[in-house]
2 protein chains.
Amino acid sequence: MRGAVMYAPGDVRVEERQDPRIVEPTDAVIRLSATCVCGSDLWPWRGIDPLQEPSPMGHEYVGIVEEVGDQVRNVRPGQFVVGSFFASDNTCEICRAGYQSSCVHRVLMGPLGAQAERLRVPLADGTLVATPEVPPDDLIPSFLAASDVLGTGWFGAVAAEAGPGKTVAVVGDGAVGLLAVLAAKQLGAERIIAMSRHEARQRLAVEYGATDIVAERGAEGVARIKELTGGLGAHSVVEAVGTQESMMQAIHATRPGGHVGYVGVAHGVELPGEELFYSHVHLHGGPAPVRRFLPELLDLIWNRRIDPGKVFDLALPLDQAADGYRAMDERRATKVLLRV
Amino acid sequence: MRGAVMYAPGDVRVEERQDPRIVEPTDAVIRLSATCVCGSDLWPWRGIDPLQEPSPMGHEYVGIVEEVGDQVRNVRPGQFVVGSFFASDNTCEICRAGYQSSCVHRVLMGPLGAQAERLRVPLADGTLVATPEVPPDDLIPSFLAASDVLGTGWFGAVAAEAGPGKTVAVVGDGAVGLLAVLAAKQLGAERIIAMSRHEARQRLAVEYGATDIVAERGAEGVARIKELTGGLGAHSVVEAVGTQESMMQAIHATRPGGHVGYVGVAHGVELPGEELFYSHVHLHGGPAPVRRFLPELLDLIWNRRIDPGKVFDLALPLDQAADGYRAMDERRATKVLLRV
């Protein structure tokens, strides 16, 4: 089969890879309908995360089940399924508490390489969720978004306790931040402040439910949020970047007793304990347990209640994966879908 | 009146201070029944927190209302009242959300000097809570504990979401840690692990409801907690120390999706963002909004359902305040009550 392999920073090749097969009786093999490039794929592309050897890439996937192991009960060949970046048993105590991305048996999907024609999915029963029928093509991008960026933005909004009566601010206007706006809206937030200085993204944020746009960053951005909230700060702030500046911006923009939901993968962040102590905020986040939300998200997409697929502003054939990396690296695209 | 004043590290003198009087129409003046020395009073005593000038000391107080300003409605002369270390209006949006220690009009009580015969309490209506009648003397230590250490331990347990079915671990065996054990028990926790290597404190922890004692610290302490919780970590961990080591011990002892409630005043703490991200814990804490809990705590004490006053293991007359500081500094006492 064809699949994307990264050889070195800036060097992604789509080449012949061995077809995946059932290894464990709990595995499934799926034929991908679409996959995509993640912001986190850019770290090795940019040389920030070290690369030990040529590595299959990709961890976002939707597709048709081709084959299942003997112990798989919940999905069957022919079904259209969505999974996420951690395979999970969905039965351990941690999964049952809703933290499938910390499942005691979790398997990181990245090394299996979802930017490919086929993918082995471990722990299929606990990982994959099927749609009622094979969906029409126009819904594929939205289901693919559910695999990571929608689930992650949704977790950010849930971790920030977005809900009725709440003012929610979102730091970060990438795909995850934009979908955190969508999530806050779905969760019933009263007011949603998107922090963005990028016109096209501001427009999509408004379409997804943002009531206010704040273009300022850092201390100025915090001051604007305070102005908009009677001097108190937002009830809920979603952090969807992962830098020191964005984390402190999120904490400072939250009122005492409010909630910060952080889903930007932390890079070089050090939180000052004393400042955090006196901020009185709640802090929660981490790798999104997307599996917790998949049944609800798939239902919303199936019934066309949400359209998260709009975050894909460039679609390329799998064979042009490298162009997709380049477009995201150069910020010409927010999120690149790869047609398989 | 007599009152304690710190002149320099290690130099606390009880001397004549001006009698407090009503300044604002929302003030009350109380005659103290008892006061005490706080762990945080030791920072200037030890020269860790700088001292600009001779400073009245103390922020924990119970007593009889002597006089109230024209606008005070909720308390009246002759009532026995308990307040906490921040005066609060208890009506602003932050107070109504339960964060009175971040009240938009809060007044820090420390500089007013509660280690004295009398005390001015600003925002009396929002700050003071009266008991049904003047209590018998044997209940005074417990009501005094409610003013800070009980309210703080209780907030730690609430922030850590201690409750039925939960395993709660408490890092720190000072008065706050011990009372967090009591709080976890009252909140219905199934299992309570006190981390202590001090025999007398271990005994009081068990009396307050601890089901397990872990004497190990740091990585060994975390390993013991994991052993006791099927490898997962505790659901809830209260951090009642405030150092880098204790914060990391608390975070590492908490299972993914679990809650850390931190009430040890952070000194020199820096939280590594990446580690926090992958820990999947909830983090909440800060200066305890004791006022939120006072009505419930006073009721429990009045009805002799809890006995938090046992944390006072030394009682001295106010005039010997300096001996009290010395006893706590040298760890000869957990918590020193000063009789007024």
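In every chain, residue numbers begin from 1 and rise along the written sequence. As they are written, the chains are lettered A onward and the ligands numbered 1 onward, keeping that order. Selection of residues for local features in this predicted model requires a pLDDT of at least 70, selection of side-chain atom pairs for listing and counting requires 80 or more, and totals for whole chains, interfaces and linings are taken over all residues. Derived side-chain values reflect all non-hydrogen atoms in the structure, with water molecules and hydrogen atoms excluded from consideration.

Secondary structure follows DSSP: runs of H or I at least 4 residues long count as helices, runs of E at least 2 residues long count as strands, and numbering of each begins at the N terminus. Helix and strand counts for chain A stand at 12 helices and 19 strands. Note on exposure labels: buried denotes an accessible area under 20% of the residue type's maximum, exposed denotes more than 50%, and partly exposed covers the range between, all computed with a 1.4 Å probe on protein chains only. Residue burial in chain A is summarised as follows: out of 340 residues, 60% are buried. Contacts are assigned to residue pairs with any non-hydrogen atoms lying within 4.5 Å of each other. Contacts spanning at least 24 positions in sequence make up 68% of the contacts within chain A whose residues lie at least 6 apart. Note on areas: Shrake-Rupley with a 1.4 Å probe; residue coverage comes only from the protein chains shown. Surface exposure of chain A reaches about 13000 Å², of which carbon and sulfur atoms provide 47%. His is not counted here, nor are the chain ends, while Lys and Arg score as positive and Asp and Glu score as negative. The atoms used to mark charge sites are NZ of Lys, CZ of Arg, CG of Asp and CD of Glu. If you average the places of the 32 positive and of the 43 negative side-chain charges in chain A, the two averages end up 3 Å apart.

This brings us to the sheet that holds strand E4 (residues 55–56) of chain A. Residues and elements named next belong to chain A. Taken together, the three strands give an open sheet; going across it, the order is E2-E1-E4, and neighbouring strands pair in antiparallel fashion. Every interior strand has two partners, whereas the edge strands, strand E2 (11–16) and E4, have only one. Bridge count for strand E1 (residues 2–8) against E2 is six bridges, and the pairing is antiparallel. The residue bridging Gly3 from the neighbouring strand is Glu15, located in E2. Convention adopted: a line fitted to C-alpha atoms gives each axis, helices being fitted over their contacting stretch, and angles between N-to-C directions are expressed from 0 to 180 degrees. Of the strands in this sheet, E1 and E2 touch helix H12 (residues 321–329), which is tilted by about 160° from E2. Pairing between two strands is assigned when DSSP locates at least 2 bridges connecting them.

UniProt positions are given in the numbering used here, feature names are shortened, and annotations may be inferred rather than shown by experiment. Under the feature "domain: Alcohol dehydrogenase-like N-terminal" (unreviewed entry), the UniProt entry names residues 25–124 of chain A. In residues 25–124 of chain A, the share of helix is 9% and the share of strand is 31%. The end C-alpha atoms are 9 Å apart.

Once that is clear, we can look at the interface of chain B and chain A. On the chain A side, the residues contacting the 34 residues of chain B number 34 residues. Any carboxyl oxygen of Asp or Glu that lies within 4 Å of a side-chain nitrogen of Lys or Arg is treated as forming a salt bridge with it. Taken together, chain B and chain A are joined by two salt bridges. Between Glu93 of chain B and Arg255 of chain A there is a salt bridge, with its nearest N and O atoms 2.8 Å apart. A 3.5 Å cut-off defines polar contacts: any pair of N or O atoms within that distance qualifies, except that in protein one atom must be a possible hydrogen donor and the other a possible acceptor, and neighbouring residues in sequence count only when both atoms are side-chain atoms. Joining chain B to chain A, the criterion identifies 16 residue pairs in polar contact (both at pLDDT 80 or more). Of all the secondary-structure elements, those providing two or more residues to the side of chain B that touches chain A are helix H2 (93–96), strand E15 (254–262), strand E16 (270–272), helix H10 (273–279) and strand E17 (282–285) of chain B. The element contributing the most residues to the side of chain B that touches chain A is H10 of chain B, with five residues. Think of it as three bins: nonpolar holds Ala, Val, Leu, Ile, Met, Phe, Trp, Tyr, Cys and Pro, charged holds Asp, Glu, Lys and Arg, and polar takes everything else, Gly as well. For the side of chain B that touches chain A, the per-class residue count stands at 19 nonpolar, 11 polar and four charged.

Let us look at the state of the cysteines. When the sulfur atoms of two cysteines come within 2.5 Å, that pair is taken as a disulfide. Taken as a whole, this structure holds zero disulfides over all chains when the rule is applied. The thiol of Cys36 of chain A is unpaired, and the distance to the nearest cysteine sulfur, on Cys38 of chain A, comes to 7.3 Å. On the accessibility criterion, Cys36 of chain A (0% relative accessible area) is buried. Here Cys103 of chain B is not cross-linked by a disulfide; its sulfur's nearest cysteine counterpart is in Cys95 of chain B, at 3.7 Å. The exposure class of Cys103 of chain B is buried, given its relative accessible area of 3%.

Okay, the domain arrangement of chain A next. Residues and elements named next belong to chain A. If you check the domain split of chain A, you get domain 1 (2–148 + 289–339) and domain 2 (153–285). Relative to domain 2, the C-alpha centre of domain 1 lies at a distance of 27 Å. Tallying the contact residues gives 19 residues for domain 1 and 16 residues for domain 2. The tally of links between domain 1 and domain 2 comes to one salt bridge. The residue Lys310 makes a salt bridge to Glu207 at a minimum N-O spacing of 2.0 Å. Here the side of domain 1 that touches domain 2 is composed, by residue class, of 10 nonpolar, two polar and seven charged. Delimitation of the domains relies on an automatic or database domain assignment.

A separate point is the relation of the copies chain B and chain A. Superposition of the copies was done by least squares, using only C-alpha atoms of residues whose pLDDT is at least 70 in both. Overlaying chain B on chain A yields an RMSD of 0.0 Å, the required transformation being a rotation through 180° with an accompanying axial translation of 0.0 Å. Seen this way, the second copy is the image of the first under a two-fold rotation axis. In this assembly, 100% of the residues forming the interface of chain B have copies in chain A that are likewise at the interface, indicating an isologous arrangement.

Tallied over the full model, the rule gives 34 salt bridges over all chains. A salt bridge links Arg13 of chain A to Asp11 of chain A, with the shortest nitrogen-to-oxygen separation between them at 2.9 Å. Judged by relative accessible area, which is 22%, Asp11 of chain A ranks as partly exposed. Notably, a salt bridge pairs Arg191 of chain B with Asp212 of chain B, separated by 3.0 Å at the nearest N-O pair.

This brings us to empty space enclosed by the protein. Residue and element names in this part refer to chain A. A cavity here means a set of points on a 1 Å grid, drawn over the protein atoms and nothing else, where a 1.4 Å probe fits but cannot get out; a pocket is an open set with protein on both sides within 12 Å along at least five of seven lines, and a residue lines either one if it has an atom within 4 Å of a point. Grid points are joined across faces, edges and corners, and a volume is the space filled by probe spheres set on the points. One pass over the structure, following the stated rule, counts four cavities of 30 Å³ or more. Its volume calculated, the largest cavity comes out at about 60 Å³. Lining of the largest cavity is provided by 13 residues; of these, Ser84, Phe86, Gln100, Val290 and Arg291 occupy positions nearest its centre. With three residues, the top contributor of residues to the lining of the largest cavity is helix H11 (residues 290–302). In terms of residue class, the lining of the largest cavity is made up of six nonpolar, six polar and one charged.

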